[in-house]
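# An overview of the molecular structure
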Amino acid sequence: MEEEWKVIDHYLMIRLPEEVDHRSCAEISRRADHMIMDQDVHHVVFDFSDTKFMDSSGIGVLAGRYRRISCFGGKVYVIHADRRIRRILKMSGLTNLVEMIEAEEHVSAEGR
Amino acid sequence: MENKMKLEFEALAENEGFARVAVAAFITPLNPTMEEISDVKTAVSEAVTNAVIHAYEEKGGTIVIRCSLEDSLLHMEIEDFGKGIADVGQAMEPLFTTRPDLERSGMGFAFMEAFMDSLEVESVLRKGTCVTMEKKLGSVLWSDCEE
Ligand SMILES: Nc1ncnc2c1ncn2[C@@H]1O[C@H](COP(=O)(O)OP(=O)(O)OP(=O)(O)O)[C@@H](O)[C@H]1O
Ligand SMILES: [Mg+2]
């Protein structure tokens, strides 16, 4: 499954892979930071539509991007996270820092 | 039913997914729920990733996973022969990490504890670490209910 990355109106949209783990996370962070610097990104949206597994490595990626953009007033959004991923984000305290968007609210915005 | 397995592999990032799937396959005869499979996979991933990153500092080494099933109880040991943990109590505190530079956030042990029924960590400096976890699986046996 190909992950999609695009910048729309200063929002970097990151469609995360099926498995968000140690192996995949280094590249996600590196690529995200590159796009944040290069493409005038203010906010980052992590799309978990394809994600079936995430461990603590994913927490580091989200927290790291939050630290990078929040000092300039940027926000981190999480969309399409299933119950389990929401639980993991909650346990780590990330739900206090990122905006959780429920799937229903996003059906029309996604256009499908 | 009693069953056991032992898995020995190199501490490489690409083997973390393999370790998760191997343990998940081992427990399937017990008909675990999707939730239980995810719980076990997360715990395996956390312990193995810790061995790769912390015990061997991503330079490789040997990781051993031992699993046994007795009735519906999964017993699992994940062992490395790496650098060891100086203060296990402190290491197990949520949000404690020695590698913020690698974007680790100190949640690994907290997840193992939350997703398994029990967690024990034994560690000796410069000798290695053994993480022991247990979980009761397949608590809902539909065949038992219906027949
Ligand atoms: N197998 C190990 N060998 C040596 N040190 C370890 C091992 N496992 C854990 N540690 C130490 O314990 C600390 C806490 O581990 P834990 O998994 O909770 O968090 P983390 O790995 O730092 O971050 P995260 O798991 O959230 O990415 C680590 O930072 C490390 O110092
Ligand atoms: Mg860890």
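Because the structure is predicted, anything quoted here is derived from the model rather than measured. Every residue gets a number counted from 1 within its own chain, in the order that chain's sequence is written. Written order determines the labels here, with chains lettered from A and ligands numbered from 1. It should be noted that, the model being predicted, local features are given only for residues of pLDDT at least 70 and side-chain atom pairs only at 80 or more, the latter also being counted only at that level, while totals for whole chains, interfaces and linings use all residues. Values reported for side chains reflect all heavy atoms of the structure, with hydrogen atoms and water molecules removed beforehand.

### A word on the overall build of chain A
Rule in force here: What counts as a helix is a DSSP run of H or I of at least four residues, what counts as a strand is a run of E of at least two, and both are numbered from the N terminus. Only protein chains enter the accessibility calculation, which uses a 1.4 Å probe; a residue is then buried when its area is under 20% of its type maximum, exposed when over 50%, and partly exposed in between. Any two residues having at least one pair of non-hydrogen atoms within 4.5 Å are treated as being in contact. The Shrake-Rupley method, run with a 1.4 Å probe, gives the accessible areas here. Residue values count only the displayed protein chains as cover.
Within chain A one finds four helices and seven strands. Burial status across chain A gives 49% buried among its 112 residues. Partitioning the contacts of chain A with sequence separation of at least 6, the portion at a separation of at least 24 is 70%. For chain A, the exposed surface amounts to about 5,900 Å²; the carbon and sulfur share of it is 48%.

### Looking at the overall build of chain B
For clarity, the threshold we go by: It is over C-alpha atoms that the radius of gyration is taken, and the globule rule equals 2.2 Å times the number of residues to the power 0.38. The charge count treats Lys and Arg as positive and Asp and Glu as negative. His and the chain ends do not count. Charge placement uses NZ in Lys and CZ in Arg. For Asp and Glu, CG and CD serve respectively.
When its secondary structure is counted, chain B shows five helices and five strands. Counting helices and strands in the order they occur from the N terminus, chain B gives β-α-α-β-β-α-α-β-β-α. Against the 2.2 N^0.38 benchmark of 15 Å for 147 residues, chain B shows a C-alpha radius of gyration of 16 Å, consistent with a compact globule. Dimensions of chain B, computed from C-alpha atoms along their principal axes, come out at roughly 55 × 30 × 25 Å. Taking all 147 residues of chain B together, the buried fraction comes to 51%. Sequence separation of 24 or more characterises 64% of the internal contacts of chain B that already satisfy a separation of 6 or more. Roughly 7,400 Å² of accessible area belongs to chain B as shown, and the carbon and sulfur atoms make up 52% of that amount. Taking the 13 positively charged and 28 negatively charged side chains of chain B as two groups, their mean positions are separated by 8 Å.

### Focus: the site of ligand 1
We apply this condition: One heavy atom within 4 Å of a molecule or strand makes the whole residue count as near it. Counting of polar contacts relies on pairs of N or O atoms within 3.5 Å, with two restrictions inside protein: one atom must be capable of donating a hydrogen and the other of accepting it, and residues adjacent in sequence are counted only when both atoms are side-chain atoms. Note on residue classes: Ala, Val, Leu, Ile, Met, Phe, Trp, Tyr, Cys and Pro are nonpolar, Asp, Glu, Lys and Arg are charged, and everything else, Gly too, is polar.
In the vicinity of ligand 1 there are 19 residues, among which His54, Thr97, Thr98, Arg104 and Met107 of chain B approach most closely. Around ligand 1 the close residues trace back to chains A and B. Arg104 of chain B is positioned such that a nitrogen or oxygen atom in its side chain is 2.7 Å from an oxygen atom of ligand 1. Measuring from an oxygen atom of ligand 1, one finds a backbone N or O atom of Met107 of chain B at 2.7 Å. Burial of ligand 1 by the surrounding chains reaches 97%, relative to a free accessible area of 600 Å². If you list the elements that add at least two residues to the shell around ligand 1, you get α2 (34-55) and α4 (108-115) of chain B. The element best represented in the shell around ligand 1 is α2 of chain B, accounting for four residues. Class assignment of the residues belonging to the shell around ligand 1 gives a composition of six nonpolar, 10 polar and three charged.

### Comments concerning the interface of chain A and chain B
In plain terms, the rule: Buried area, as used here, totals the accessible surface that two parts lose on assembly, with accessibility defined by a 1.4 Å probe and the loss added over both. Here a salt bridge means any side-chain nitrogen of Lys or Arg lying within 4 Å of a carboxyl oxygen belonging to Asp or Glu.
Contacts between the two partners involve 20 residues from chain A, matched on the other side by 25 residues from chain B. At the boundary of chain A with chain B, total buried surface from both sides reaches about 1,900 Å², with 49% on carbon and sulfur atoms. In this structure, the connection of chain A to chain B is made through six salt bridges. The shortest N-O distance in the salt bridge between Glu19 of chain A and Arg20 of chain B comes to 2.9 Å. Here chain A is connected to chain B by 13 residue pairs in polar contact (both at pLDDT 80 or more). Broken down by element, the residue count for the side of chain A that touches chain B peaks at seven residues, all from helix α2 (residues 56-70) of chain A.

### A word on the sheet that holds strand β3 (residues 73-80) of chain B
All names here are of chain B. The following threshold applies: At least two DSSP bridges between two strands are needed for those strands to be called paired. Axis definition: a line fit to C-alpha positions, over the contact stretch in the case of helices; interaxial angles, taken between N-to-C directions, run 0 to 180 degrees.
Strand order in the open sheet made by the five strands is β1-β2-β3-β5-β4, with antiparallel pairing throughout. Edge strands, defined here as strands with exactly one partner in the open sheet, are β1 (2-10) and β4 (118-124). In this sheet, adjacent strand axes meet at a mean angle of 10° when their direction is disregarded. In this structure, β3 lies alongside strand β5 (residues 128-136), joined through eight bridges in antiparallel fashion. Across the sheet, Ile78 pairs through a bridge with Val131, a residue of β5.

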